[in-house]
Amino acid sequence: MLPSWPCSLALWAAFLSGTAYSANSPRQQRNAPIQAPQRQFDVKSAYDYVIVGGGTSGLTVADRLSADGKSTVLVIENGPTVDSPRISQVYTGVAAMGPTWSYQINSARQPNLNNRSTSVTVGKLVGGSSAINAMMTIRGTSDDYDRWGGFFGNGSSWSWEGLLPYFKKAVSFSPPDAAVEKSVNITWDASYWGNSSSVHTSWPRFQWPALEAQFEAFRDIPGVEFPPDSGSGKAGVYWFPTFMDPQRVERSYARTGHFDTIDRANFELIAESKVTKILLRDGTATGVSFERRAGNGTTVTTVKANKEVIVAAGAIHSPQLLQQSGIGPRALLEAAGIDTVVDLPGVGQNFQDHPMVFTSITLQNFTVHPNPTDMYSNRNFSAWAQEVWNANKTGPYSLGVGNVAAWLGMPVIAPDTFEQIASKLEKLDHAASLPSNTHPTVVAGYKAQMKDMAAAMRSPNTAFYNHVLTGGGSSGTIVDLHPLSRGTVNIDTADPFGREPVVDYRALTNPVDLDVMVEIVRFTRRYYFETRLRHLAPRQVQPPASASSEPEDLKRFLRQNVNPSYFHPVGTCAMMPRELGGVVDEKLKVYGVRSLRVVDASIMPVLVGANTCQTTYAIAEKAADLIKADA
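Here the structure is a predicted model, which is why all the values come from computation and not from measurement.

Colleague: How would you sum up unusual backbone geometry? Please name residues and give values.
Modeller: Looking along the chain, the bond that leaves His369 and enters Pro370 is cis, with omega of 0°. Cis peptide bonds are those with omega within 30 degrees of zero, and the linkage from Gln542 to Pro543 qualifies with 5°. Mapped onto the elements, Pro543 comes out in the loop between strand 24 (538-542) and helix 16 (551-561). Backbone geometry at Asn115 places phi at a positive 65°, although glycine is not the residue there. Assignment of secondary structure puts Asn115 in the loop between helix 2 (85-88) and helix 3 (142-150). In this model, Asn350 sits at a positive phi of 65°, which is unusual for a non-glycine residue. Topologically, Asn350 is positioned in the loop between strand 16 (342-343) and strand 17 (356-358).

Here it is in structure tokens:
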């Protein structure tokens, strides 16, 4: 994703207020605008499964659990059901991003970022963040997933091999158009993909011609690998597809894939309804209580779960709901006046997101056309682009944020310093990087993670660096894929039910994060100034010349400019052993409570080196099988 959004676009959305919807509705015509299913129904007193959150994971699980035609499923979503061309639009990738369909949350001020606060962007609508993200279909490396299972010892099914079938099940892959593939030498391998899902990933019908040369420039850097496909589990420089329906050339997301085209009376969804409490009796989750807006007022409804309550509210709101229900750190709950049902210190801890920083290096002798600037500076080209889009949905308007990027490990980006940085991390007092009142189990889990991260820094197959290529004459955002600092997402003790949670990234509290990001900035300069691109007369604009390349100067620049969020929040209900601060076990069951699971990005114990949407789909697919096996 990118750090800005086109907020000036005209608002064009249909909000269907106070209405409940069922998936038992007519199928949409292939080329008709997708509209919300509109059969009204009365919420029943009980369902087999009650799912909190109608986003990426919640809708996936609901679809899979209701597929037998017998198991009754209710999905409760806080946001509205929205139909808007800004959501379906692929072009730019960020048309739907911003405040319109997101929660209005600002983070706690960040002392290590010059006391700045940042917007916390998570989707608030049916489809969740999959409806507003940049549609980048990225998977990460095998190391990322083997690391998860490693917290439980050998033999865990949470591994690359254990998750690969679910990656294949989660998304249907379509290859690129042959002519476009040939024009820039796109490589792909269908063996890493499936074709049975209604969530699609495919390719734009156009690519900027300079991308091939920008790709090839990485061959001038020792150690860079070029995996055959983005799904291979390997770090390197590679092409990746877009979450896009190949026929409609529109966003493909959780709602279009797991709700709109489903015709089942046993799968119901209620929107604009906020779950405020999980009902617990004798250590068992029995249902939920939710508020539903009705006219100028609010009604409170309870619904029973005959089998399980499944929390899929995302990394910001899943820990909030557990804490509101008396599941979380005892001291926090007591401060909020909430009775502790299960003292579970890890709830809301271990918060992670990808830090990013905007850089600008311009290529002064860049003369390749067409390029992205021609869309607004060349009338003939922009008219052609509009013509072919209107005729057959081809051309530049089928492009999102991009389809080729570098995902590189520390031995590649910092060959002279990675060992020194890894050793520095190993020697740190890790508890000092966490809040002073952190529970010993959470500290133990963090120490285990940092041991793994030191090893990851020495591995060529754990990507720390991400740079999406533009096909234009300048660079853009670069990303730290494995931050070492850990934040918190906790209820606001002054008003735990009336306010959004307190989101604290605690950015750069682990000092080694700055060391890593310095190398990320340096490597980006190296790519432009020490490869074949140097013949295009690169000029560094951001960081400014005053920052030079000295570590302390770059650290000062980073404190002023890093955004702690790439809009990939994870980790706040971590899947780790309870003695390591975990919240859920390997079956995603909440420790200390029966019939309660968490299924969303909050269970990731450590961030993957990738955009998180595809991983969240895979988690949900695996969770559905785990749930069905216990039914």
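Colleague: Just give me the short version of the nonpolar core, but keep the residues and values in it.
Modeller: The tendency in soluble globular proteins is for nonpolar side chains to be buried side by side. Counting 182 residues, the largest nonpolar core has Phe218, Leu408, Met457 and Leu596 as its most contacted members. Here the element with the most residues in this core is helix 15 (residues 512-529); it accounts for 10 residues. Setting aside chain neighbours within four positions, we find Leu596 in contact with Ile278, Ala285, Val309, Val311, Leu322, Ile327, Leu588, Lys589 and Val590. One finds Tyr103, Val122, Val489 and Tyr505 within the second-largest nonpolar core, a separate group that totals 9 residues.

Colleague: I'd like a rundown of the environment of Val180, residues and numbers included.
Modeller: With respect to the helices and strands, the residue Val180 is situated in helix 5 (residues 178-184). Given a relative accessible area of 10%, Val180 falls into the buried group. Taking C-alpha positions, Val180 is 10.0 Å from Gly395, a pair spaced 215 residues apart along the chain. For Val180, the contacting residues outside a window of four places in its chain are Ile186, Pro204, Arg205, Phe206 and Gln207.

Colleague: An account of the environment of Ile316 is requested, with residue identities and associated values reported.
Modeller: Note on placement: Ile316 falls in helix 8 (residues 314-324). Take Ile316: its relative accessible area is 1%, and that puts it in the buried class. For the pair Ile316 and Ser57, spaced 259 residues apart in the sequence, the C-alpha separation amounts to 14 Å. Once you skip the residues sitting within four places of it in the chain, Ile316 turns out to touch Ile105, Val120, Val122, Phe351, Val489, Pro501, Val503 and Pro569.

Colleague: Summarise the packing of helix 3 against helix 4 (residues 160-170); cite the residues concerned and give the values.
Modeller: At a closest axis distance of 8 Å, the pairing of helix 3 and helix 4 adopts a crossing angle of 115°. Contact residues: Ser142, Tyr145, Asp146 and Trp148 in helix 3; Trp160, Leu163 and Phe167 in helix 4. Split into classes, the residues belonging to the contact of helix 3 with helix 4 amount to 5 nonpolar, 1 polar and 1 charged.

Colleague: For helix 8, give the residues involved together with the corresponding values.
Modeller: Among the 11 residues of helix 8, 11 are classified as buried, and the element is accordingly described as predominantly covered. Within helix 8, burial applies to Gly314, Ala315, Ile316, His317, Ser318, Pro319, Gln320, Leu321, Leu322, Gln323 and Gln324. Positioned one or two residues after helix 8, Gly326 has a phi angle of 90°, which is positive.

Colleague: Break down the pairing of strand 14 (residues 297-311) for me, with residues and values.
Modeller: The pairing of strand 3 (residues 46-52) with strand 14 spans 6 bridges and is classified as parallel. From the neighbouring strand, Val52 faces strand 14, where its bridge partner is Val311. Sheet topology note: the strand 13 (residues 284-294)/strand 14 ladder contains 8 bridges and is antiparallel. What sits directly across from Glu291, in strand 14, is Val300. Between strand 13 and strand 14, which pair antiparallel one after the other, the connecting turn spans 2 residues, and Gly295 there sits at a positive phi close to 65°. With 3 bridges joining them, strand 14 and strand 25 (residues 596-598) adopt parallel strand pairing. Directly across from Val309, in strand 25, lies its bridge partner Leu596.

Colleague: I'd love a proper account of the pattern of salt bridges, names of residues and values included.
Modeller: In this structure the tally under the stated criterion is 25 salt bridges. Close ionic contact of Lys393 with Glu250 constitutes a salt bridge, the shortest N to O distance being 3.7 Å. Separated by 143 residues along the polypeptide, Lys393 in the loop between helix 11 (379-392) and strand 19 (404-409) and Glu250 in strand 10 (residues 250-251) bring together distant segments of the chain. Linked through salt bridges whose partners overlap, the residues forming this network are Glu308, Lys587, Lys589, Arg597 and Asp630.

What counts, and where the lines are drawn
Residues numbered from 1 in each chain as written. Predicted model: local features only at pLDDT ≥ 70, side-chain atom pairs only at ≥ 80, totals over all residues. Heavy atoms only, no water. Helix = DSSP H or I, 4+ residues; strand = E, 2+ residues; numbered from the N terminus. Core = buried A, V, L, I, M, F, W, Y, C linked by side-chain atoms within 4.5 Å. Buried < 20%, exposed > 50% of the residue type's maximum accessible area, 1.4 Å probe, protein only. Contact = heavy atoms within 4.5 Å. Axes fitted to C-alpha atoms, helices over the stretch in contact; angles between N-to-C directions. Nonpolar A, V, L, I, M, F, W, Y, C, P; charged D, E, K, R; others polar. Pairing = 2+ DSSP bridges. Salt bridge = Lys/Arg side-chain N within 4 Å of Asp/Glu carboxyl O.

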